[in-house]
Amino acid sequence: MLTAMESALEIAEGASSTDPDVGLRAVAALRALTERLEILQVDSARALGWSWQDIAGRLGVTKQTVHRKHGQRTGKR
Amino acid sequence: MMAEHMTPDARVVAMCAYQHAIRLGHRYLGGEHFLLALASADQPAGAVLRDHGVTPERVEEEIVHLAGGGLFGGLDRDALASIGIDVGAVRARIEASFGPGALIQAGQAVHRGPRRARLNPRRVSGAERAGVFLPHGPGVDQSRRNALREAQARHDTQIGVDYLALGLLAADEGLVPGILSALGVSVPALRAAILSRCPQAR
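Conventions used here
Residues numbered from 1 in each chain as written. Chains lettered and ligands numbered in written order. Predicted model: local features only at pLDDT ≥ 70, side-chain atom pairs only at ≥ 80, totals over all residues. Helix = DSSP H or I, 4+ residues; strand = E, 2+ residues; numbered from the N terminus. Buried ≥ 20, exposed ≤ 12 C-beta atoms within 10 Å, placed from the backbone. Contact = placed C-beta atoms within 7 Å. pLDDT = per-residue confidence, 0-100. Core = buried A, V, L, I, M, F, W, Y, C linked by C-beta atoms within 7 Å. Axes fitted to C-alpha atoms, helices over the stretch in contact; angles between N-to-C directions. Parallel < 35°, antiparallel > 145°, perpendicular 65-115°, else oblique. Left-handed = near helix turned anticlockwise from the far one by under 90°. Nonpolar A, V, L, I, M, F, W, Y, C, P; charged D, E, K, R; others polar. Expected span 1.5 Å × (residues − 1). Arc of directions from axis to C-beta.

(A) Quick look at the overall build of chain B. The number of helices and strands found in chain B is 11 helices and 0 strands. Ordered by position from the N terminus, the helices and strands of chain B form the series α-α-α-α-α-α-α-α-α-α-α. The buried share of chain B, reckoned over its 202 residues, is 46%. Expressed as a percentage of contacts within chain B between residues at least 6 apart in sequence, the contacts between residues at least 24 apart total 71%.

(B) Structural context of the confidence of the model for chain A. In the predicted model, chain A carries a mean pLDDT of 81, and the fraction of residues at 70 or more is 74%. Helix 3 (residues 52-59) of chain A holds the highest mean pLDDT among the elements of chain A, 96, whereas helix 1 (residues 4-15) of chain A holds the lowest, 57.

(C) Examining the nonpolar core more closely. B:Val13, B:Ala17, B:Leu38 and B:Leu164 are the most contacted members of the largest nonpolar core, which totals 45 residues. Of all the elements in the fold, those that place two or more residues in this core are helix 1 (8-23), helix 2 (31-40), helix 3 (44-51), helix 4 (56-67), helix 8 (140-153), helix 9 (161-170), helix 10 (176-182) and helix 11 (187-197) of chain B. Looking at this core, the element that brings in the most residues is helix 1 of chain B, giving 9 residues. Those residues in contact with B:Leu38 that sit more than four places away from it in its chain are B:Val13, B:Ala45, B:Gly46, B:Leu49, B:Leu164, B:Ala165 and B:Leu168. Grouped together as the second largest cluster of nonpolar side chains are 19 residues, A:Ile39, A:Val42, B:Leu71 and B:Ala79 included.

(D) Main features of the packing of helix 8 of chain B against helix 9 of chain B. Residue and element names in this part refer to chain B. Their axes nearest at 7 Å, the elements helix 8 and helix 9 cross at an angle of 130°. On the basis of the axis angle, helix 8 is oblique to helix 9. When you trace helix 8 past helix 9, the crossing you get is right-handed. Of the residues in helix 9, those in contact with Ser143, Arg144, Asn146, Ala147, Glu150 and Ala151 of helix 8 are Tyr163, Leu164, Leu166, Gly167, Leu168 and Ala170. Within the contact of helix 8 with helix 9, the residues separate by chemical class into 7 nonpolar, 3 polar and 2 charged.

(E) Region of interest: helix 8 of chain B. All names here are of chain B. Along its 14 residues, helix 8 runs 20 Å from first to last C-alpha, staying within 8% of the 20 Å computed at 1.5 Å per residue. Inspection of helix 8 places Val140, Ser143, Arg144, Asn146, Ala147, Glu150 and Ala151 among the buried residues, and these make up the whole buried set. The buried side chains of helix 8 occupy one side of the element, clustering within an arc of 165° when seen end-on. Residues of helix 8 that are exposed and point more than 90 degrees away from the buried face comprise Gln152 and Ala153. Histidine 155 sits one or two residues past helix 8 and shows a positive phi near 55°.

(F) Quick peek at unusual backbone geometry. All names here are of chain B. The phi torsion at histidine 155 lies on the positive side, around 55°, for a residue other than glycine. Examined against the element boundaries, histidine 155 turns out to sit in the loop between helix 8 and helix 9. Given 6 C-beta atoms within 10 Å, histidine 155 falls into the exposed group.

(G) Just the packing of helix 2 of chain B against helix 9 of chain B, in detail. Residue and element names in this part refer to chain B. Here helix 2 crosses helix 9 at 135°, and the two axes come no closer than 10 Å. If you check the angle between helix 2 and helix 9, you find them oblique. The chirality of how helix 2 crosses helix 9 is left-handed. Where helix 2 approaches helix 9, its residues Gly31, Phe34, Leu35 and Leu38 are matched on the opposing element by Leu164, Ala165 and Leu168. Each residue belonging to the contact of helix 2 with helix 9 can be placed in one class, and the counts come to 6 nonpolar, 1 polar and no charged.

See the structure below:
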């Protein structure tokens, strides 16, 4: 496991790579990973009875955004 | 599979197989995707498979185990490694806290298209045209030849869902034999059950 400092340095290397091919691919892959983890965590939070309001607050988006994105999948309730 | 030789129901199964391959982030269409589509199909052959323990959940679990995919499938691991993210480590941590079941469930939500569309052959064929071409993996062409043989033996001109199932069971290439044996399924028993319960294959 990388320490926070090492990890931050590597992120700076990759995401700020001067080669756009490396840098852009890293950004796109990171976005894809974030999407997957969001699905997992939102579903889990809903299963534990969290409100859309609380989930949206933690994700830093509006309730409407999170509901529009995940509402159909996890059920309205 | 040659779409022109398949019944509309069989074409829907083929399209679902294609969608499963895309959803799992696989770059080929394999017999295992057909097995997953058949196990989920609202057809007699699908019911026979499920009755023998070949459920969509178990098949997907085996596919992800053998070929990768699911929640972390199709991610650009090299690109993530370049910014210090080890997908294997992330996966191990998530699996340790949520369990493999939650990963499969969330994996199924990734890339999930409109659910109704897959039941409508006219709409799914449009999706196929607009989609990506996937090369056939091992077992698919062999299964197709087997299915065609099953149809010809019964003087049928079209490959139906039952023939697809029989063709898939008879294949010895690809992941399907390994998946069925991992699920503890007897192929001869499954074949016999399809032959006796499915109207087309009698």
